[in-house]
Amino acid sequence: MIDLRPVFFVIGVLLVILSLGMGIPAAVDAFVGSPDWLAFAGGGATTLFFGIGMVLTNKSHGVNLSVRQAFLVVTLAWLVLTLFASLPFMFCELSMTFTDAYFEAMSGITTTGSTVIVGLDSLPPGILLWRAILQWLGGLGIIVMALSILPILRVGGMQMFRAEAFETEGKMLPRIAQLSGGICMILIAFTVGIAVALYFAGMTWLEAFVHSLTTIATGGYSTSDGSVGHFDSPAVEGIITVGMVGGGIPFLLYLRTLRGERLCIVRDEQVQWYLGIMTGVVLVLTVWLVAAHDEPFGRAFRWASFNAVSIMTGTGYASTDYGLWGSFPTGVFFFLMFVGGCYGSTACGMKIFRFQVLYAATVAQIHRMIQPHGVFIPRFNKRPIPDEVVTSVLGYFFIFGFVFAMLSLALNLLGIDFITALSGAGTAMANVGPGLGTIIGPAGNFQALPDTAKWLLVAGMLVGRLEVFTIFVLFSRKFWKT
């Protein structure tokens, strides 16, 4: 059997970190006189108790992780952390049900951004901060997991980045700690910079801090039911747009830039595709708004750029109800949500590199058909793409599509209309946030959905964020054999 003690040790450490995070909203609520500080204090104490208990009882076994233990850590950490992160939502004045609290916490930690809370504008600051902190911690966790764990686990073509992670399994935890430190510093720098800029653009310090946390994490939780559209400020939207674009770029490239490789970002083919697709979509939507809705060019570009970047990166902010733009933009946003950002970023979706791999493999195959005796090798960033990677990416697309179809049908079976079911499944698995239609669109939320649908969407968020295979491998009989 798999030795679970190192797994529990890592989860215990993460719970301790989570409990410390609860101290921030507890202090803020206590300062403003909100009774919700007791909810965070109680939730933090409970989380800290279990976290320290797991660390102490498994301390002597918390040195290394095998590949199978790493698979378990990735999945169990998200499930357990979400459970404890949901405690403040149940203990506070909102008195959320367990289903709603777990949904909100899972949406936060996976940086999805879907919400079941109505009346954000009147909530005490603690809850608003906690939602943002969850997304920031989730964004950090996603980057570290993508750089340190998933390449070794060979998930969905990520083994192509194995050299950027590490070569030996025995050094997994030290490598994770090293990467976490560097990435955390970069995230903090981005967060502070965005918060200061938003404050001078007209936000309060609370609004600026919350939006800076959820912008760089490409999470999308806001302080208002109207999302960023509540502020109706071109300056605010511009700052957040730049922050979202930055969140979708590989953070490893930021580290390399700081170490002297000044042009590594602009030379990276994945970043070039990412910015190219984003620019193309923004221009097309701008032209559409000018031609079909007679909008002034400035406002059309402002709305198109903000909302397209928000959807592509999986942030989920909205500056206006783009559901009213017509069927064409709605279709563009539906497909754009699956594209996502770059590998090793906080952005969601299926990731740009997978589309690059399939494109390169397809071009090579076409050339082979034309010249059967020629040698054509697909490349990514000027490096040959192994056949194993192409196969893995194809498998990822198949499994992702299959789960998406089953989730859509399951939601439809519950009596949910087709558009809501289809976009709900898509926005959950792509970790975007808002869906389409009047219920879960940019002007609505997920509160009206039945509890069964919320649990299905929770599963979709988890499967999508953990790259599908990480979950499915746990259902293999061979995985559990010695």
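Residues numbered from 1 in each chain as written. Predicted model: local features only at pLDDT ≥ 70, side-chain atom pairs only at ≥ 80, totals over all residues. Heavy atoms only, no water.

## Re empty space enclosed by the protein
To find leftover empty space, one rolls a probe the size of a water molecule over the atoms. The full count for this structure, using the stated rule, is one cavity of 30 Å³ or more. The space that makes up the largest cavity amounts to roughly 40 Å³. In terms of lining residues, the largest cavity is bounded by Ile142, Met145, Ala146, Met158, Tyr343, Gly344, Lys351, Arg465 and Glu467. If one sorts the elements of the lining of the largest cavity by residue count, helix α6 (residues 125-148) sits on top with three residues. In terms of residue class, the lining of the largest cavity is made up of five nonpolar, one polar and three charged. (1 Å grid on protein atoms, 1.4 Å probe; cavity = no way out; pocket = protein on both sides within 12 Å on 5 of 7 lines; lining within 4 Å. Points joined across faces, edges and corners; volume = space filled by probe spheres on them. Helix = DSSP H or I, 4+ residues; strand = E, 2+ residues; numbered from the N terminus. Nonpolar A, V, L, I, M, F, W, Y, C, P; charged D, E, K, R; others polar.)

## As for the nonpolar core
Of all hydrophobic cores here, the largest spans 152 residues; its most connected members are Leu18, Phe89, Trp130, Ile183 and Ile240. In terms of residue count, the dominant contributor to this core is α6 (15 residues). (Core = buried A, V, L, I, M, F, W, Y, C linked by side-chain atoms within 4.5 Å. Buried < 20%, exposed > 50% of the residue type's maximum accessible area, 1.4 Å probe, protein only.)

## Examining the side chain of glutamate 295
Within the element layout of this structure, glutamate 295 appears in the loop between α14 (269-293) and α15 (297-312). The buried category is assigned to glutamate 295, whose relative accessible area is 16%. When neighbours within four sequence positions are excluded, glutamate 295 is seen to be in contact with Leu289, Val290, Ala300 and Trp303. (Contact = heavy atoms within 4.5 Å.)

## Quick notes on the packing of helix α1 (residues 5-32) against α6
Viewed as axis vectors pointing N to C, α1 and α6 meet at an angle of 160 degrees, and their least axial separation amounts to 9 Å. Taken together, the axes of α1 and α6 are roughly antiparallel relative to one another. Like other packed secondary-structure pairs, α1 and α6 cross with a definite hand, here right-handed. From α1, Leu18, Gly21, Met22, Ile24, Pro25, Val28, Asp29 and Val32 reach across to α6, where they touch Pro125, Gly126, Ile127, Leu129, Trp130, Ile133, Leu134 and Leu137. Here the contact of α1 with α6 is built from residues that sort into 13 nonpolar, two polar and one charged. (Axes fitted to C-alpha atoms, helices over the stretch in contact; angles between N-to-C directions. Parallel < 35°, antiparallel > 145°, perpendicular 65-115°, else oblique. Left-handed = near helix turned anticlockwise from the far one by under 90°.)

## What about the pattern of salt bridges?
When the charged atoms of two side chains with opposite charge come close together, those side chains can pair. Applying the stated criterion across every chain yields a total of nine salt bridges. Note that arginine 302 is salt-bridged to aspartate 232, the shortest N-O span being 3.1 Å. Of this pair, arginine 302 sits in helix α15 while aspartate 232 sits in the loop between α10 (205-216) and α11 (234-247), and the two are 70 residues apart along the sequence. Classification of aspartate 232 as exposed rests on a relative accessible area of 57%. For the salt bridge of arginine 354 with glutamate 467, the shortest nitrogen-to-oxygen distance reads 3.0 Å. With arginine 354 in helix α17 (residues 352-370) and glutamate 467 in the loop between α21 (451-465) and α22 (469-472), this residue pair connects regions lying 113 residues apart in the sequence. (Salt bridge = Lys/Arg side-chain N within 4 Å of Asp/Glu carboxyl O.)

## Comments concerning α15
The terminal C-alpha atoms of α15 lie 22 Å apart, and with 16 residues this matches the ideal 22 Å at 1.5 Å per residue to within 8%. Listed in full, the buried residues belonging to α15 are Ala300, Arg302, Trp303, Ala304, Ser305, Phe306, Asn307, Ala308, Val309, Ser310, Ile311 and Met312. Its buried side turned inward, α15 meets α11, α14, α16 (327-339) and α17. Taken from the residues just after α15, glycine 314 is the one with a positive phi, measuring 80 degrees. (Expected span 1.5 Å × (residues − 1).)

## Notes on the packing of α14 against α15
For the pair α14 and α15, interaxial distance at closest approach is 8 Å and the crossing angle is 140 degrees. Comparing their axes, α15 and α14 come out oblique. Considering the relative orientation of α14 and α15, their crossing is right-handed. Counted together, Tyr274, Ile277, Met278, Val281, Val282, Leu285, Thr286, Leu289 and Val290 of α14 and Phe297, Ala300, Phe301, Trp303, Ala304, Ser305, Ala308, Val309 and Met312 of α15 form the full contact between these two elements. Tallied by class, the residues present in the contact of α14 with α15 amount to 16 nonpolar, two polar and no charged.

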